[in-house]
Amino acid sequence: MPATNHDPHNLGELARAITIAARIQRRKAKGKGTAHLEKRFDEIREKAQAREDARRNK
């Protein structure tokens, strides 16, 4: 179930996405690579959007 009516993410996905976003910012501040974290962030977003699209098209 989505956290709000306006986004496809559930609470667990929101928590993971926020955690990953914070890790990305810390790594960028240190000058380190973030490609793997950005990929995980995008995968969470895409999975949530696909699930909500499938639910709406029923």
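All figures in this text were calculated on a predicted structure; none of them were measured in a lab. (Residues numbered from 1 in each chain as written. Predicted model: local features only at pLDDT ≥ 70, side-chain atom pairs only at ≥ 80, totals over all residues. Heavy atoms only, no water.)

(A) Examining the overall build of the protein more closely. Looking only at helices and strands, one finds 2 helices and 0 strands in the protein. Expressed as a percentage of its 58 residues, the buried residues of the protein come to 21%. Considering only intrachain contacts with a sequence separation of at least 6, the fraction spanning at least 24 residues in the protein is 45%. (Helix = DSSP H or I, 4+ residues; strand = E, 2+ residues; numbered from the N terminus. Buried < 20%, exposed > 50% of the residue type's maximum accessible area, 1.4 Å probe, protein only. Contact = heavy atoms within 4.5 Å.)

(B) Spotlight on the side chain of E13. Topologically, E13 is positioned in helix α1 (residues 11–29). A residue is classified by how much of its surface remains accessible, and E13, at 3% relative accessible area, is buried. Those residues in contact with E13 that lie beyond four places of it in its chain are P8, I44, A48 and R51.

(C) Inspection of helix α2 (residues 35–56) at higher detail. Relative to the 32 Å expected for 22 residues at 1.5 Å per residue, α2 spans 31 Å between its end C-alpha atoms, a close match to the ideal helical length. If you check which residues of α2 are buried, you get L37, I44, A48 and E52. End-on, the buried residues of α2 take up no more than an arc of 55°, which puts them together on one face. Across α2 from its buried face, at more than 90 degrees, point the exposed residues A35, K39 and K47. (Expected span 1.5 Å × (residues − 1). Arc of directions from axis to C-beta.)

(D) Region of the structure containing a positive patch on the surface. Among the surface-exposed residues, R23, R26, K30, K32 and R40 lie close enough to one another that they form a single positively charged patch. Looking at where R26 falls in the secondary structure, it is placed in helix α1. (Patch = residues over 30% accessible without salt bridge, like charges linked within 9 Å, V, L, I, M, F, W, Y side chains within 5 Å. Areas by Shrake-Rupley, 256 points an atom, 1.4 Å probe, with all protein chains shown as cover. Salt bridge = Lys/Arg side-chain N within 4 Å of Asp/Glu carboxyl O. Lys, Arg positive; Asp, Glu negative; His and termini not counted. Charge placed at Lys NZ, Arg CZ, Asp CG, Glu CD.)

(E) Molecular detail of the environment of A35. Looking at the secondary structure, you find A35 in helix α2. In this structure, the C-alpha to C-alpha distance between A35 and I24, residues 11 residues apart in sequence, is 8.9 Å.

(F) Looking closely at the environment of T34. Structurally, T34 is set in the loop between α1 and α2. Residue T34 is classed as buried on the basis of its relative accessible area of 8%. Each C-alpha atom, one on T34 and one on I20, is 9.9 Å from the other, the two residues being 14 residues apart in sequence. Once you skip the residues sitting within four places of it in the chain, T34 turns out to touch I24, R27 and K28. A distance of 2.9 Å separates the side chain of T34 from the side chain of E38, its partner in a polar contact. (Polar contact = N/O pair within 3.5 Å; in protein donor to acceptor, adjacent residues only side chain to side chain.)

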